[in-house]
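# Survey of secondary and tertiary structure
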Amino acid sequence: MSTSQTVAQHLPFLRRYARALSGSQTAGDAYVTALLETLIAEPGVLDHPAGPRIALYQLLTRLWDSVSLNGRADPGPPPLKGEQRLSHITPPVRQAFLLVSLEGFAEDEAAAVLDIDVATLRNLVEEAGRELAAEIATDVLIIEDEPFIALDLEGLVESLGHRVTGIARTHSEAVSLARRKPPGLVLADIQLADGSSGLEAVNELIESVEVPVIFITAYPERFLTGIRPEPAFLIAKPFQPSMVAAVISQALFFERKARPREQRATA
């Protein structure tokens, strides 16, 4: 594949990232233009051991850190609510959050793009959660039957600036708590203490309210049943706190709601 073909393959995603990073279509596109000009002058930039995608995002990061284009006026439409929230996050934290949550880089890949270690990246992602929570703090319902895991999740959620409205160990407790105070986010295990299903509890509670749902489970294969709410987020146990923080921020920032599965007609 030629250099031009390689760059063209990644160009739409680089534009997306640059626009989200700068908070402006004009500034974002200007960064991508600067990237293309740099590639003409330095074609060897793409010769990176981790591949051209990492190389391109590294170059964009280098330009972001060295060239200020954010002051340019953008004649386009006003930013969306999510873009306004993002503009309040400090730049390094914003980079880490977008690389993981928007561009889908694994932790080691995002760390390579930013030229930092994974531990530092995790700290930045957790900071993103705290800074976003200052903008979009919400009430969180935890559906988890293991007490120590539930307490860990409660501490993590509260450290990010959110409020835990309750911890449910069973299907019925979850539905009762949700009816008493509708949550803005649900963290749910799949297999609960009484043998009931967190999937069923979520399906029941989202019949009356649309809410982002994150499933955290030791049995991710049970999520693949064809009866899950869509779309949803899935984290496998054991989990890294930084990953939970990133997914919480992602779910709330992009406002992805779970919806009940359509019932099929029976004969």
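The preceding data block contains the structure.
Here's a quick rundown of the structure. Bear in mind that the values here come from a model prediction, so they are computed numbers and not experimental data.

Moving on, we come to the packing of helix α3 (residues 52-66) against helix α5 (residues 91-101). Where α3 meets α5, the axes come as close as 12 Å, and the angle between the chain directions of the two elements is 160°. Classified by the angle between their axes, α3 and α5 sit roughly antiparallel to one another. Remark: the crossing between α3 and α5 carries right-handed chirality. Contacts from Tyr57, Thr61, Trp64 and Asp65 of α3 reach α5 at Pro91, Arg94, Gln95 and Leu99. Of the residues contributing to the contact of α3 with α5, the split by class is four nonpolar, two polar and two charged.

This next bit is on the pattern of salt bridges. Under the definition given, this model contains eleven salt bridges. Where Glu103 meets Arg16, a salt bridge forms, and the shortest distance between an N and an O atom there is 2.9 Å. Of the two residues, Glu103 is situated in the loop between α5 and α6 (107-114) and Arg16 in helix α1 (residues 3-22); the sequence distance between them amounts to 87 residues. The class of Glu103 is buried, set by a relative accessible area of 6%. On the basis of relative accessibility, which here comes to 34%, the residue Arg16 falls in the partly exposed class.

About the thresholds
- For every chain, the first residue of the written sequence is number 1, and numbering continues from 1 onward in sequence order.
- Restriction of local features to residues with pLDDT of at least 70 applies here, the model being predicted, together with a cutoff of 80 or more for giving and counting side-chain atom pairs; totals for whole chains, interfaces and linings are based on all residues.
- Excluded from the side-chain calculation are hydrogens and water; included are all heavy atoms of the structure.
- Here the axes come from fitting lines to C-alpha atoms, over the contacting stretch only for helices, and the angles between their N-to-C directions go from 0 to 180 degrees.
- Here a strand is any run of E in DSSP of at least two residues, a helix any run of H or I of at least four, and the numbering for each starts at the N terminus.
- An angle counts as roughly parallel when it lies under 35 degrees, as roughly antiparallel when it exceeds 145, as roughly perpendicular when it falls between 65 and 115, and as oblique in every other case.
- Helix crossings are classified by the rotation of the near helix relative to the far one: an anticlockwise turn of less than a right angle makes the crossing left-handed, while a clockwise turn makes it right-handed.
- The contact definition used throughout considers only heavy atoms, calling two residues in contact when any of these lie within 4.5 Å.
- Polarity classes work like this: nonpolar for Ala, Val, Leu, Ile, Met, Phe, Trp, Tyr, Cys and Pro, charged for Asp, Glu, Lys and Arg, and polar for all others, with Gly in that last group.
- By convention in these notes, a salt bridge is any Lys or Arg side-chain nitrogen within 4 Å of a carboxyl oxygen on Asp or Glu.
- Whether a residue is buried, partly exposed or exposed follows from its accessible area with a 1.4 Å probe, protein chains only, as a fraction of its type maximum: under 20%, in between, or over 50%, in that order.

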